[in-house]
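Given next are the chains, with one letter for each unit.
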Amino acid sequence: MTLTVAAAVLGLEGVTSLLLGGYVGVETVIGRPVDVLSSLFVAGFGILVGAGLLWVAWGMLRSERWTRSPGVLAQIFSAVVAITLIQSGQQLIGIPLIAVAVVGVVALLSPQTTQILYGDQLYGDRD
């Protein structure tokens, strides 16, 4: 169950990043950005991060061990962004973002997730 929750959180973050990156890309093309190169970079970065998060979410659904570290790292980055948003008066975005990050890190670090991902290797061979 916790692995599914973690995958859902990462999937939600991935889709959000893809959509925001795509939005910035479209606005760059149809709008009048001050700095086209920076806007294209932000759009590409958003799309790349979104695709990466969806890849991690997919691996998590398949119970692949490597997915835990990038998943936790993504939640740490999300928390930092959320705190920055809250401090800059954007509570409407920052508070839900930090709530999602907390749910994600709790699900990723839960004993049930650890057991599923690492199983008996967590304690080593006891032969």
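Use the structure listed above.
Small disclaimer: the values here were computed from a predicted structure and weren't measured.

## A few points about the packing of helix H1 (residues 2-30) against helix H4 (residues 91-109)
So, point 1. Between H1 and H4, whose axes approach to 8 Å, the crossing angle comes to 145°. Here H1 runs over H4; the crossing is left-handed. Two secondary-structure elements touch here, H1 through Thr-2, Val-5, Ala-6, Val-9 and Glu-13 and H4 through Val-100, Val-103, Gly-104, Ala-107 and Leu-108.
So, point 2. Along the lines of polarity and charge, the residues of the contact of H1 with H4 split into seven nonpolar, two polar and one charged.

## Some thoughts on the pattern of salt bridges
So, point 1. Inspection of every chain in the model, using the stated rule, returns one salt bridge.
So, point 2. One salt bridge connects Arg-62 with Glu-64, and the closest N-O pair in it is separated by 2.9 Å.

## Focus: H4
So, point 1. If you check H4, its first and last C-alpha atoms are 26 Å apart, about what 19 residues at 1.5 Å a residue would give, namely 27 Å.
So, point 2. In this structure, the buried side of H4 is in contact with H1, helix H2 (36-61), helix H3 (68-87) and helix H5 (111-118).

## Details of unusual backbone geometry
Trans peptide bonds make up most of the peptide bonds, and negative phi angles are found at most residues other than glycine.
So, point 1. The backbone of Ser-63 shows a phi angle near 60°, a positive value even though the residue is not glycine.
So, point 2. With respect to the element layout, Ser-63 can be found in the loop between H2 and H3.

## So, the nonpolar core
So, point 1. Ranked by size, the top nonpolar core spans 13 residues in total, and within it Ala-6, Leu-10, Met-60 and Leu-108 carry the most contacts.
So, point 2. Contributing elements (two or more residues each) for this core: H1, H2, H3 and H4.
So, point 3. Not counting chain neighbours up to four residues away, the residues in contact with Ala-6 comprise Met-60, Ala-107 and Leu-108.

Criteria and cut-off values
- Residues numbered from 1 in each chain as written.
- Predicted model: local features only at pLDDT ≥ 70, side-chain atom pairs only at ≥ 80, totals over all residues.
- Heavy atoms only, no water.
- Axes fitted to C-alpha atoms, helices over the stretch in contact; angles between N-to-C directions.
- Helix = DSSP H or I, 4+ residues; strand = E, 2+ residues; numbered from the N terminus.
- Left-handed = near helix turned anticlockwise from the far one by under 90°.
- Contact = heavy atoms within 4.5 Å.
- Nonpolar A, V, L, I, M, F, W, Y, C, P; charged D, E, K, R; others polar.
- Salt bridge = Lys/Arg side-chain N within 4 Å of Asp/Glu carboxyl O.
- Expected span 1.5 Å × (residues − 1).
- Core = buried A, V, L, I, M, F, W, Y, C linked by side-chain atoms within 4.5 Å.
- Buried < 20%, exposed > 50% of the residue type's maximum accessible area, 1.4 Å probe, protein only.

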